[in-house]
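Below, each chain spelled out in residue letters.
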Amino acid sequence: MDCELLKPPEEVKLMKILRREAFCKTIEVPRLWVKEEKSHKVLPLIKALLLKMPCLKPVRPLKIENKVEEIREILLHPTPVKCYEDLPHSELKILGVTKDDFGLTRLTLSFDNWRADELFKAILPQETDGLTSYSCIGHIVHINLKDNLLDYKHIIGQILLDKVHGCRTVVNKTAAINNTYRNFQLELLCGEPDYQVEARENGSCFHFDFSKVYWNPRLCGEHERIVKILQPGDILYDVFAGVGPFSVPAARKKCFVLANDLNPESYKWLEHNMRRNKCLKQAKLCNKDGRKFILEDLKKDLCERWQENDIGTYSIHITMNLPSLAVEFLNTFCGLFEHECRNKIIDFTSDKIKYPLVHVYTFAKGLNNEAMALQNVESNLGSKLTENLHGVHFVRNVAPNKDMFRVSFWLTKEILTNSIPNDLSRKRTADINGDNLITMGRKSKNKGQSQSAKTLNKAKKDKNVFKVSDKNHSKKAKQVRGNLKKIKDEVNKKQEKSDEALKELHKELVMKKPKKSQARPLKSAKKPASANSANVSAELKNLKFYILMSIMHQRSFELHFKLVNNAYVRCVTYNMLVKNVEDFVSEPNFEAVDVTLLSFDLRHLFVTKNSNLEYLINNFNEDNSDEAVGKNIVIKEK
């Protein structure tokens, strides 16, 4: 219950250096005196009204002069309890606790009596969001401070060091995770510079150096969900294994694990954790690029299993937990077994083929994040996921309007035996030459030198900052799309500007009427021609024509002019003179519109959509009505 009386003093606001004595505060709170032999009967009646704060006992012994009996003083919360009548007084009177036993007592509060979140709320500026969360990895507390809280980082670190049980080190993430090995860049805020931790997850024990590998305790639930899917004897291919949050529990569950990670430190701790959890015999480990792992190790093991005669009851799973880049590796599966299928090394028509279930993780930022995550996978895979789609699952919220998803789908014969579609610009095969090593989906610029050595040479370490990345990998691995609402607004603005520009062009084309030329009179048709049609027919003889065709295509338009005779007329074709471009573009046959201007006896011009003008003109007879002439064109003299 929120109570101003129980909050830290106002003097601590905007404090940047921790002074514990400034948090001392003396207040008066309600209390109840009860004899010791009756306290066990009274406490159940007022349990919900007790004053509960850290390092404060609501029931404490009290010695009063001239009284032989031992008395218990029970501290009550000042918000719900203002007087004796706020207590269950009828039940208390039966136990001999009267109004005389109720009163106020002085209580001194100190720094130890408030939680960390209460202290942050009292110290940090009100206009900031405050410290919303932190992660505990063994004895390390890891936070991600925003720029407006960096001035308070040291007092935040000191409070966490004091308040979080078992904490010996507090670190802050100093930059986005954009280096090759996907590990954090850390700044030590307070405590010991010890980064080798021991963490427990899903019944397994993990050891690693937190400053050199990636570990996120918020993914514990997702790791558990995948491990529960696996059954003893199943196959797991872990493309981005890290230190083994998927692989180690799966191996302990008697699954065969083929795990890989590019980071040498992650590979070292992965092997250590397999051995520590006594499951190394169930696993085969690799230290290479993800594409190379798929093209070599995963393909070889999968091919051998498909060539076996025994069908077995196992299932095959592939995990790709690298949300910012994993989808870029999906096109490696396209045509992976094209050679084996063409040369009939593997019989893909056999019922013994068991296709793997892929679990790929990705970020999505926008209005419809789930659909965007699926589209992101399909665009990189080069095919639509229909019957082979297992599901799109929400994992966690990463930032406002940005979520992490898992897209699960089965690989099919069409994916594995067909070549990559032409519209995919990314390369499928990894260049295994030393000078052109593709690292995490991008080519390394470090020639003649190993990636790890280049990283060490480029790293610039401060006293308390640990950096693993170099400048060659400082850019973000992937540009995330912006907010769809902003894009829609931008498109609407562009379209409005295009409409205005088209109107201006139309005004420029409307010129003064030319003097009437000596035109050969037309024979009367069955129906009298309208005045507009007669004027158009009279002005068409021996003229020089220009035709302007305005085609709106997304955010631009093009102008086309065509010269025919000596005099001219400017003709603006809107497709039946629609009033705005939006209706014109939305016509079902918009792309099929073809306006052609031909030289002929210039008395009639009949323009229609999807019509062969030459055929209409050649077969035109004077019995045709002139009413149609000029319907689709606007003719003015220059």
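A quick note: this is a predicted structure, and the numbers were derived from the prediction, not measured.

1. Digging into the sheet that holds strand β13 (residues 283-286)
And then number 1: Within the open sheet, the 7 strands sit side by side as β13-β12-β11-β14-β15-β17-β16. Their pairing is mixed. The open sheet has two free edges, formed respectively by β13 and β16 (389-399), since each of these has just one partner strand. Adjacent strand axes in the sheet meet at a mean angle of 15 degrees when their direction is disregarded.
And then number 2: Bridge count for strand β15 (residues 357-365) against strand β17 (residues 402-410) is 9 bridges, and the pairing is antiparallel. Counted as the bridge partner of valine 358 is phenylalanine 409 from β17.
And then number 3: Against the sheet, helix α8 (residues 290-306) engages β11 (235-238), β12 (256-260), β13 and β14 (316-320), with an angle of about 160 degrees to β12.

2. Focus on the sheet that holds strand β4 (residues 102-109)
And then number 1: Strand order in the open sheet formed by 4 strands is β2-β3-β1-β4, with antiparallel pairing between adjacent strands. Of all strands in the sheet, those bounded by a partner on one side alone are β2 (59-62) and β4. Between one strand axis and the next, the sheet turns by 40 degrees as a mean value, whatever way the strands run.
And then number 2: Of the strand pairs in this sheet, strand β1 (residues 25-35) and strand β3 (residues 71-75) are connected by 5 bridges, and their pairing is antiparallel. Counted as the bridge partner of arginine 31 is leucine 75 from β3.
And then number 3: Contacts from helix α1 (residues 36-46) reach β1, β2 and β3, with the element oriented near 115 degrees to β1.

3. Observations regarding the UniProt feature "binding site: S-adenosyl-L-methionine" (unreviewed entry) in the chain
And then number 1: Mapped onto this numbering, the UniProt entry gives "binding site: S-adenosyl-L-methionine" (unreviewed entry) at His223, Asp261, Leu262, Asp289, Gly290 and Asn321.
And then number 2: Inspection of the secondary structure assignment puts leucine 262 in the loop between β12 and α7 (264-276).
And then number 3: Here leucine 262 falls in the buried class, since its relative accessible area comes to 17%.
And then number 4: Mapping aspartate 289 onto the fold places it in the loop between β13 and α8.
And then number 5: A distance of 3.0 Å separates a polar side-chain atom of aspartate 289 from the backbone nitrogen of arginine 291.

4. Comments concerning the side chain of glutamate 73
And then number 1: By secondary structure assignment, the location of glutamate 73 is in strand β3.
And then number 2: Within the structure, the side chain of glutamate 73 is placed 3.4 Å from the side chain of threonine 105, a separation counted as a polar contact.
And then number 3: With residues up to four places along the chain from it excluded, the contact list for glutamate 73 reads Arg31, Leu32, Trp33, Pro58, Val59, Arg60, Leu62 and Thr105.

5. Some details on α7
And then number 1: Look at α7: 18 Å from first C-alpha to last across 13 residues, which is about the 18 Å you get at 1.5 Å a residue.
And then number 2: Inspection of α7 places Ser266, Trp269, Leu270, Asn273 and Met274 among the buried residues, and these make up the whole buried set. Relative to the axis of α7, the buried residues are bounded by an arc of 140 degrees and lie together on one face.
And then number 3: Against β9 (196-201), β10 (204-209), α6 (247-252), β12 and β13 lie the buried residues of α7.
And then number 4: Note on α7: the residue one or two positions beyond its end, lysine 278, has a positive phi of about 60 degrees.

6. Some words on unusual backbone geometry
And then number 1: Even without a glycine there, the phi angle at leucine 14 is positive, about 65 degrees.
And then number 2: Along the polypeptide, leucine 14 turns up in the segment before β1.
And then number 3: On the accessibility criterion, leucine 14 (46% relative accessible area) is partly exposed.
And then number 4: A positive phi angle is found at asparagine 202, which is not glycine, with a value near 50 degrees.
And then number 5: Positionally, asparagine 202 belongs in the loop between β9 and β10.

7. Quick word on the pattern of salt bridges
And then number 1: Counted under the stated rule, the structure contains 23 salt bridges.
And then number 2: Its salt-bridge partner being arginine 72, residue glutamate 36 comes within 3.0 Å of it at the nearest N-O pair. Separated by 36 residues along the polypeptide, glutamate 36 in helix α1 and arginine 72 in strand β3 bring together distant segments of the chain.
And then number 3: Judged by its relative accessible area of 31%, glutamate 36 falls in the partly exposed class.
And then number 4: The class for arginine 72 is partly exposed, based on a relative accessible area of 22%.

8. Side note on the environment of leucine 107
And then number 1: In this structure, leucine 107 sits in strand β4.
And then number 2: Residues in contact with leucine 107, not counting those within four places in the same chain, are Lys25, Thr26, Ile27, Val29, Leu51, Leu56, Arg60 and Leu75.

9. As for the packing of aromatic side chains
And then number 1: Enumeration according to the criterion identifies 11 aromatic pairs in this entry.
And then number 2: Through a chain of ring-to-ring contacts, the aromatic side chains of Trp306, Phe337, Phe348 and Tyr355 assemble into a single cluster.
And then number 3: Of note, arginine 31 hangs over the ring of tryptophan 33, and the distance from its end group to the ring centre comes to 3.8 Å.

Calculation rules
Sequence positions are assigned chain by chain, starting from 1 and proceeding in written order. Local features in this predicted model are restricted to residues whose pLDDT is 70 or higher, and side-chain atom pairs enter the listing and the counts only when it is 80 or higher, whereas totals over whole chains, interfaces and linings include all residues. For the side-chain quantities, the full set of heavy atoms in the structure was used; hydrogens and water were omitted. At least two DSSP bridges between two strands are required for those strands to pair. Only DSSP runs of H or I with at least four residues qualify as helices, and only runs of E with at least two residues qualify as strands; both kinds are numbered from the N terminus onward. Every angle, taken between N-to-C directions, lies between 0 and 180 degrees, and every axis is a line fitted to C-alpha atoms, over only the stretch in contact when it is a helix. Any pair of residues with heavy atoms lying within 4.5 Å of one another is described as a contacting pair. UniProt positions are given in the numbering used here, feature names are shortened, and annotations may be inferred rather than shown by experiment. Think of it in three bands: with a 1.4 Å probe and only protein chains considered, a residue is buried below 20% of the maximum accessible area for its type, exposed above 50%, and partly exposed in between. Two N or O atoms form a polar contact when they lie within 3.5 Å of each other; inside protein one atom must be a possible hydrogen donor and the other a possible acceptor, and for residues adjacent in sequence the pair counts only when both atoms belong to side chains. In this scheme, a helix's expected span is set at 1.5 Å multiplied by one less than its residue total. The arc under discussion is defined with respect to the helix axis, by the directions toward the C-beta atoms. Any carboxyl oxygen of Asp or Glu within 4 Å of a side-chain nitrogen of Lys or Arg constitutes a salt bridge here. The pairing test for Phe, Tyr and Trp rings, Trp by its six-membered ring, is centres within 6.5 Å, and the orientation test on the planes gives stacked under 30 degrees, edge-to-face over 60, and tilted for anything in between. Here, a charge over a ring means that NZ of Lys or CZ of Arg falls within 6 Å of the ring centre while also lying within 35 degrees of the ring normal.

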